[in-house]
Amino acid sequence: MGSIQYGSGDEIHIDDRALAHLKVVIATKLRRNESFTLSWRHPEGDEPGRSTLWLHPSIPLRFVFQDPETPDLSRKWIEELAHSASSSGGITLVEEHLESSTAD
């Protein structure tokens, strides 16, 4: 379980794999000097509910990963997150849609 540390606020705990994908999209948006929101459902074990965070290029942001290895990234998942980042609702952390392979 990784985390995002944003400004002087609390750590936001997010699964390492999801965090690696979010990092790509968030870094791209901030590099373009774009502000946006990030929304997620609270993970199991945390207080029930959901949260939204306003991300701005001038506020310090740190990604912390528990696993020292970078996971293979899913282009499709990054594209889904990037698409939501460009919407008026901002990035919504959605589950990864895994491709299933079937043998004939």
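All residue numbers refer to position in the chain's written sequence, counted from 1. Totals for whole chains, interfaces and linings use every residue, but because this is a predicted model, local features are given only for residues with pLDDT of at least 70 and side-chain atom pairs only at 80 or more, for both listing and counting. Where side-chain values are given, they derive from all heavy atoms of the structure, hydrogens and water being excluded.

Visitor: In this structure, what is going on with the overall build of the protein chain? I would like to understand it.
Guide: The helix and strand inventory of the protein chain stands at two helices and six strands. Only DSSP runs of H or I with at least four residues qualify as helices, and only runs of E with at least two residues qualify as strands; both kinds are numbered from the N terminus onward. Reading the helices (α) and strands (β) of the protein chain from amino to carboxyl end gives β-β-α-β-β-β-α-β. Our radius of gyration looks at C-alpha atoms and nothing else; its globule reference is 2.2 Å times the residue count to the power 0.38. Relative to the compact-globule value of 13 Å for 104 residues, the protein chain shows a C-alpha radius of gyration of 14 Å, a close match. Considering only C-alpha atoms, the protein chain reaches an extent of 55 × 30 × 30 Å along its principal axes.

Visitor: For this particular structure, what's the right way to read the sheet that holds strand 5 (residues 61–64)?
Guide: Where strands meet in a sheet, backbone hydrogen bonds hold them as pairs that are either parallel or antiparallel. Taken in spatial order, the three strands of this open sheet run 2-1-5, and their pairing is antiparallel. The two strands at the open ends of the sheet, each matched to only one other strand, are strand 2 (11–14) and strand 5. Averaged over all adjacent pairs, the angle separating strand axes in this sheet is 20°, with direction ignored. Helix 1 (residues 16–31) contacts strand 1 (2–6), strand 2 and strand 5 of the sheet and is inclined by roughly 155° relative to strand 5. Pairing between strands is defined by DSSP: at least two bridges between the two strands are required. For every element, the axis is a line fit to its C-alpha atoms; helices are fit only across the contacting stretch, and the angle between N-to-C directions ranges from 0 to 180 degrees. The contact rule is simple, with two residues in contact once any of their heavy atoms fall within 4.5 Å.

Visitor: Can you walk me through helix 1 in this structure?
Guide: Residues lying three or four places apart along an α-helix face the same way, a consequence of the helix completing one turn every 3.6 residues. Along its 16 residues, helix 1 runs 22 Å from first to last C-alpha, staying within 8% of the 22 Å computed at 1.5 Å per residue. Three or more residues of helix 1 are buried, namely D16, A18, L19, A20, H21, L22, V25, I26, K29 and L30. N or O atoms within 3.5 Å of each other form a polar contact, as long as, within protein, one can give a hydrogen and the other can take it, and as long as residues adjacent in sequence are counted only when both atoms are side-chain atoms. Where helix 1 starts, the residue carrying a side-chain oxygen 3.0 Å from the main-chain nitrogen of R17 turns out to be D15. N33, located one to two residues past helix 1, shows a positive phi value of around 65°. Between the first and last residue of a helix there are one fewer steps than residues, each counted as 1.5 Å, and that sum is the expected span. Each residue is assigned to one of three classes by its accessible area relative to the maximum for its type, calculated with a 1.4 Å probe on protein chains only: buried under 20%, partly exposed between the two thresholds, exposed over 50%.

Visitor: Looking at this structure, I do not really get helix 2 (residues 75–85). What am I missing?
Guide: Where helix 2 is concerned, the buried positions are W77, I78, L81, S84 and A85. Looking straight down helix 2, one finds that the buried residues subtend no more than 130° of arc, so they occupy a single side. Residues of helix 2 that are exposed and point over 90 degrees away from its buried face: R75 and H83. By construction, the arc corresponds to the directions joining the helix axis to the C-beta atoms.

Visitor: Please clarify how the sheet that holds strand 3 (residues 36–41) should be interpreted in this entry.
Guide: An order of 4-3-6 is seen for the three strands of this open sheet, with the pairing classed as mixed. Only two strands of the sheet have a single partner each, and these edge strands are strand 4 (50–55) and strand 6 (91–92). The pairing of strand 3 with strand 4 spans six bridges and is classified as antiparallel. By the bridge assignment for strand 4, F36 is matched with L55. Where helix 1 meets the sheet, its contacts fall on strand 3, strand 4 and strand 6, and the angle it forms with strand 3 comes to roughly 160°.

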